[in-house]
Amino acid sequence: MNSVHRRRVGSLCHVLLCPLLLCASAAAQPASVVDSPHNLSAGGTGPVRATIEDQVCIFCHAPHNAAPARPLWNRATPPGPYSIYTSPSLNAAPGQPTGNSKMCLSCHDGTIALGSVVSRGTPIHMAAGITTIPPGASNLGTDLSDDHPVSFRYDPALAGKDPGLKDPSALPPQVRLDHNSELQCTSCHDSHSNALGKFLVVRNDSSQLCLTCHQVGHTAVAGHGNCSDCHQPHTAPSGPFLLKRATVSETCLMCHDGSRAGAANIAADLGKLSTHDVRGTGAAGLSGPRGRIGFSGHASELDGTSCTDCHQPHTMGRGSAAAPAVHPSLGRIGGVNASGAAVTVASYESEVCFACHGDKAATPPAVPRRIVQNNTRLEFSPSAVSSHPVQTPGRGAGAESPSLLPGWSAGSVMHCSSCHASESGRGGRGGGGAGGLRGSGAAGVHGSHFAPLLLARYETGDFTPESASAYGLCYQCHDRGSILSDASFAGHRLHIVDHRTPCAACHDAHGVSSTQGTPMANGHLINFATNIVFPDRVTGRLEYRDSGVFSGECFLSCHGVDHSPKRYPAEPGGAVAPVRRPPRR
């Protein structure tokens, strides 16, 4: 032992306690506490050190007059109590810190002076007027609700309740539980060795330490592969989420704000007119209801919409998915199926949407309807009398769908995001045809300049001049030429071109639930908009009656004209068949 080292260690080595206390020479142990920030002696190289005290171990250990705690502990017990970590996703029951964790907190909660040791009558004087650990990452304070939980029993029973935890029998020898099988600060940190930085017991540059306990699934997204890119174990701004920002969404936007090469610029979409508002700004559009079901492996925001309502970041993938399958970018996220039952891992994109826009929905329809339905799950139900084919293939015969563009057929299936998506994104996820506009922005349902969060323009106001852009959303799948030539309905051109009546006046884009409508009255997505179409002033009726292929009749009043009824198809020459009206009384 050289003279410098001998002077640092002091009297403890004379009683042969240094091997016990891991105070061996630097030559025998290069990662010794002597060479770490825990060397608080005057000869220490860290930012906090004593003025003249040359003993290294004295700040934690003493051979005589120590506290009645192993290993020859030389500090007072911090008084507490502490605000402890709690989270809806935590299956363990942490209590107040115990054992080694409480020993660590005798310095790291900032309540006891660093130089205050049991074996000395007066505190050791520290340089630069420092008494306790300076504010910063090492000073945890007495609020541990924003720190990784400690002092809880980590046993097979806990692992059995939480699929995100590995069985403790799989822990490497460096990660140690205490004699009560409790996880403590010393499970992750070795106070005597800083060889790996931050006194870690296992490297964590690729999440090795985190993954000794946690099993979070596999992600193909490179930026999601390192826990420390999003999480921090101590003094986390998000509290129980242990994230680097105050909320899940702010953490995601650290990369997804256009600053990170290869990461989609989601922030650009969140500034648009209509958004899935994940920042609580109240932007117009699909700022849907909260109270979403939980899903495996992650927690949603407690105070509003979150990116993790739709994405499971630990299992996100790349690539595409044929409708109606869930897109890889959503990961193994939970949802609600067509029957209204919660599913841990959604199979279909619509199941993710139904978690917010299904039975718990409170968002009124964008267009007032004769039949009002807020539950999108029921609108798209396989039993619905008429719907866009999100849950099941279309039920109409090909002859009844002459307007579909190539790539689409009466038996096609589509995603919700075939219509609801960024207008500047890289295209919709629909299963054919012109599945979306082509842009360079982020794909997905984050935001659009067309409300309600639509891939293209869809005008719903009365007296809208018809154009390829005014109904650009419809014309993504439906051939404009076919529509305007009345191939599927004799009055299409008359209504939308001559009288400038929008598609939405007659058609409900989602569908009509079987609990409210009938195939005869609500086939072909018929559900009149009550701000444009009114009851017939002659009969008092507001309804459509289907009488066969391309055949039906309407009872209504629109633009001051009563249909009492008007029947379809058209007469030879293209005019809608006239109907004799009874005399008014």
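It should be noted that the structure appears before, not after, this text.
In short, a report on the structure. Residue indices follow the written sequence of each chain, beginning from 1 at its first position. For this predicted model, a pLDDT threshold of at least 70 governs which residues receive local features, and a threshold of 80 or more governs which side-chain atom pairs are given and counted, while totals over whole chains, interfaces and linings are taken from all residues. Where side-chain values are given, they derive from all heavy atoms of the structure, hydrogens and water being excluded.

## A closer look at the overall build of the protein
By the criteria applied, helices consist of DSSP H or I runs no shorter than four residues and strands consist of E runs no shorter than two, each listed in order from the N terminus. Helix and strand counts for the protein come out as 12 helices and 13 strands. Working definition: with a 1.4 Å probe on protein chains only, accessible area under 20% of the residue-type maximum means buried, over 50% means exposed, and in between means partly exposed. Of all 585 residues assigned to the protein, the portion counted as buried reaches 47%. Taking the contacts inside the protein whose residues are at least 6 apart along the sequence as the reference set, 52% of them involve residues at least 24 apart. With the model as given, the accessible surface of the protein reaches about 27200 Å², and the carbon-plus-sulfur share is 57%. Any two residues whose heavy atoms approach within 4.5 Å at even a single point are treated as in contact. Under the convention used here, a 1.4 Å probe and the Shrake-Rupley method define accessible areas, while residue burial counts only the protein chains that appear.

## Let's talk about unusual backbone geometry
Cis geometry marks the peptide bond from R70 to P71; its omega dihedral reads -5°. As for its position among the elements, P71 is in the loop between α1 (3–9) and α2 (99–108). The residue after A451, namely P452, is reached through a cis peptide bond having omega -5°. Checked against the element boundaries, P452 lands in the loop between β7 (447–448) and α10 (480–484). Phi at S151 is positive, roughly 60°, even though this residue is not glycine. Counting through the fold element by element, S151 comes out in the loop between α2 and β1 (152–153). Of the residues examined, S151 reaches a relative accessible area of 4% and is grouped as buried. The phi angle at F463 is positive, at roughly 60°, despite the residue not being glycine.

## A word on the side chain of S488
For S488, the location among the structural elements is in the loop between α10 and α11 (492–498). Filtering out sequence-adjacent residues up to four positions away, S488 remains in contact with P402, I483 and F550.

## Here's the deal with empty space enclosed by the protein
Cavity means a closed set of points on a 1 Å grid over the protein atoms alone, one where a 1.4 Å probe fits but cannot get out, pocket means an open set with protein on both sides within 12 Å along at least 5 of 7 lines, and lining means a residue has an atom within 4 Å of a point. Grid points are joined across faces, edges and corners, and a volume is the space filled by probe spheres set on the points. If you walk through the whole model with that rule in mind, you get 1 cavity of 30 Å³ or more. Approximately 130 Å³ is the volume found for the largest cavity. Lining the largest cavity are 14 residues, with L144, D147, H148, P149 and V150 sitting closest to its centre. In this classification, Asp, Glu, Lys and Arg are treated as charged, Ala, Val, Leu, Ile, Met, Phe, Trp, Tyr, Cys and Pro as nonpolar, and every other residue, Gly included, as polar. Grouping the amino acids of the lining of the largest cavity by side-chain chemistry returns 10 nonpolar, 3 polar and 1 charged.

## Section: the pattern of salt bridges
Salt bridges are identified by distance alone: a Lys or Arg side-chain nitrogen within 4 Å of an Asp or Glu carboxyl oxygen. What the rule picks out here adds up to 12 salt bridges. A salt bridge links R120 to E53, with the shortest nitrogen-to-oxygen separation between them at 3.0 Å. Taken together, the residues span a long stretch of sequence, with R120 in the loop between α2 and β1 and E53 in the loop between α1 and α2 at a distance of 67 residues. Between D155 and R153 there is a salt bridge, and its shortest N-O distance comes to 3.1 Å.

## Describing the nonpolar core
Among the nonpolar cores identified, the biggest contains 27 residues, and Y458, Y471, L473 and Y475 are the most heavily contacted of them. Elements that contribute at least two residues to this core include exactly α8 (349–357) and α10. Y458 has contacts with A470, L473, C474, C503, A504 and H507, leaving out every residue within four places of it along the chain. Working definition of a nonpolar core: buried Ala, Val, Leu, Ile, Met, Phe, Trp, Tyr and Cys residues. They are joined through side-chain atoms within 4.5 Å. L158, L171, V201 and V202 belong to the second largest nonpolar core, which has 15 residues in total.

## Focus: the packing of aromatic side chains
Any two rings among Phe, Tyr and Trp, with Trp reduced to its six-membered ring, count as a pair given centres within 6.5 Å; such a pair is stacked if its planes are under 30 degrees apart, edge-to-face if over 60, and tilted if neither. Counted by the stated rule, this structure contains 1 aromatic pair. We count a charge as sitting over a ring when the NZ of a lysine or the CZ of an arginine lies within 6 Å of the ring centre and within 35 degrees of the ring normal. The ring of F555 carries the charged tip of R541 above its face, separated from the ring centre by 3.6 Å.

## Considering the pairing of strand β11 (residues 551–558)
Within β11, 8 of the 8 residues are buried, which leaves it mostly tucked inside the rest of the structure. What you see with β11 is no split at all: S551, E553, F555 and S557 on one side and G552, C554, L556 and C558 on the other are buried throughout. For two strands to be treated as a pair, DSSP must find no fewer than two bridges joining them. Of the pairings in the sheet, the one linking strand β10 (residues 543–548) to β11 comprises 5 bridges and is antiparallel in character. For D546, the partnering residue across the bridge sits in β11 and is G552.

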